[in-house]
Amino acid sequence: MRILVVNPNTTASMTEKIGAAARRVASAGTEIIAVNSANGPASIEGFYDEAMSLAGMLEVIRTTPDFDAVVIACFDDTGLDAARCLTDKPVLGIGEAAYHMASMISNKFSVVTTLARSVPALEHNLHRYGLIARCARVRSSEVAVLELEHPGSDACNRISAEIGRAVTEDRAEAIVLGCAGMADLAESLAKEHGLPVLDGVTCAVGLAEAMVKLGLLTSRTGGYSPPPAHKAM
């Protein structure tokens, strides 16, 4: 099984971190192909960055051969619907995957993301997925995405502090980390706070493997119909 894990931003160090997290949970025999876009923003923090990342991300999916599933490794689930039009293979967003898993192991969860400007997009997705009632709150840690790439920053401490507030103020029973760049923090933060802390990259890889094993494909009728040949660039 080959799973294409696409980081829609252009930061290679984040892609390496994402790939390592994916390989850590992948089954024996599953190959993880972790790549980032060649063109687009260095980080995705809000609606504008999402739009600027789409062409590069879709080009990666369009030009990568022989995969069995795709994971879009941006917590905003950037371009998820458009990507599903490009292939009949399962395409999973890490936000959608983490929200669904959190809803199955807790009565309510909180999301801890990066900057405040990212919060509305995540709330929009929760409404769209029908899970807003299960989410106590989407919280900003005010950690810029690229701070997560600097070992000397206090990003982890600020994220941990926000998790503490979510537990106390929201009575959250689980925490979803709202950025692919936090993929390496979930295990240590779960131990520190004594409750499930979910990373969307690993959640999406697990679900992708299950969907491939079940032989599930993306519908080719209706909204996910392939684009006409003259529009498929």
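This one's a predicted model, so the numbers in the text were calculated from it and none came from an experiment. Every chain begins its residue count from 1, and numbering advances along the sequence as written. This being a predicted model, a pLDDT of at least 70 is required before a residue's local features are given, and a value of 80 or more before pairs of side-chain atoms are given or counted; all residues contribute to the totals for chains, interfaces and linings. Based on all heavy atoms of the structure, the side-chain values leave hydrogens and waters out of the count.

Chemist: If you had to explain the overall build of the protein to someone new, which residues and values would you point to?
Modeler: To qualify as a helix, a DSSP run of H or I must reach at least 4 residues; to qualify as a strand, a run of E must reach at least 2; elements of each kind are numbered from the N terminus. A tally of regular secondary structure across the protein gives eight helices and eight strands. Values of the radius of gyration come from C-alpha atoms, whereas the globule rule sets the reference at 2.2 Å times the count of residues to the power 0.38. Its C-alpha atoms give the protein a radius of gyration of 17 Å, within 12% of the compact-globule value 17 Å for 233 residues. With the principal axes as the frame, the protein shows a C-alpha extent of 55 × 35 × 35 Å. Considering only intrachain contacts with a sequence separation of at least 6, the fraction spanning at least 24 residues in the protein is 70%. A 1.4 Å probe and the Shrake-Rupley method give the accessible areas. Residues count as covered only by the protein chains that appear here. For the protein, the exposed surface amounts to about 10200 Å²; the carbon and sulfur share of it is 56%. All tallies of charge rest on Lys and Arg as positive and Asp and Glu as negative; His and the ends of each chain are not included. Working definition for charges: the position is that of NZ of Lys, CZ of Arg, CG of Asp or CD of Glu. In the protein, the 20 positive side-chain charges and the 27 negative ones have mean positions that sit 4 Å from each other. By the convention used here, residues are in contact when the closest approach between their heavy atoms is within 4.5 Å.

Chemist: With reference to specific residues and values, describe the pairing of strand β1 (residues 2–7).
Modeler: On any regular strand, side chains alternate: one points to one face of the sheet, the next to the other face. Among the six residues in β1, five count as buried, and that is most of the element. Two strands are said to pair when DSSP picks up at least two bridges between them. As defined by bridge partners, β1 adjoins strand β2 (residues 31–36) across six bridges and the pair is classed as parallel. Note on β2: the bridge partner recorded for N7 is N36. For a crossover, the right-handed case is the one in which the path from the first strand over the helix to the second runs clockwise, viewed with the strands pointing away from the viewer. On the question of chirality, the crossover connecting β1 to the parallel β2 by way of helix α1 (residues 12–25) is right-handed. Residue exposure (1.4 Å probe, protein chains only): buried if accessible area is under 20% of the type maximum, exposed if over 50%, otherwise partly exposed.

Chemist: Let's hear about helix α2 (residues 47–63): which residues, and what values?
Modeler: For a helix, the expected span equals 1.5 Å multiplied by the number of residues minus one. For α2, spanning 17 residues, the distance from its first C-alpha to its last is 25 Å, which sits close to the expected 24 Å at 1.5 Å a residue. Each residue is assigned a bend, namely the angle between axes fitted to the seven residues that terminate at it and the seven residues that start at it. Remark: the principal bend of α2, roughly 40°, maps to L54. D49, E50, S53, G56, M57, L58, V60 and I61 are the residues of α2 that are buried. Buried positions along α2 lie against β1, β2, β3 (69–72), α3 (80–86) and α5 (119–128).

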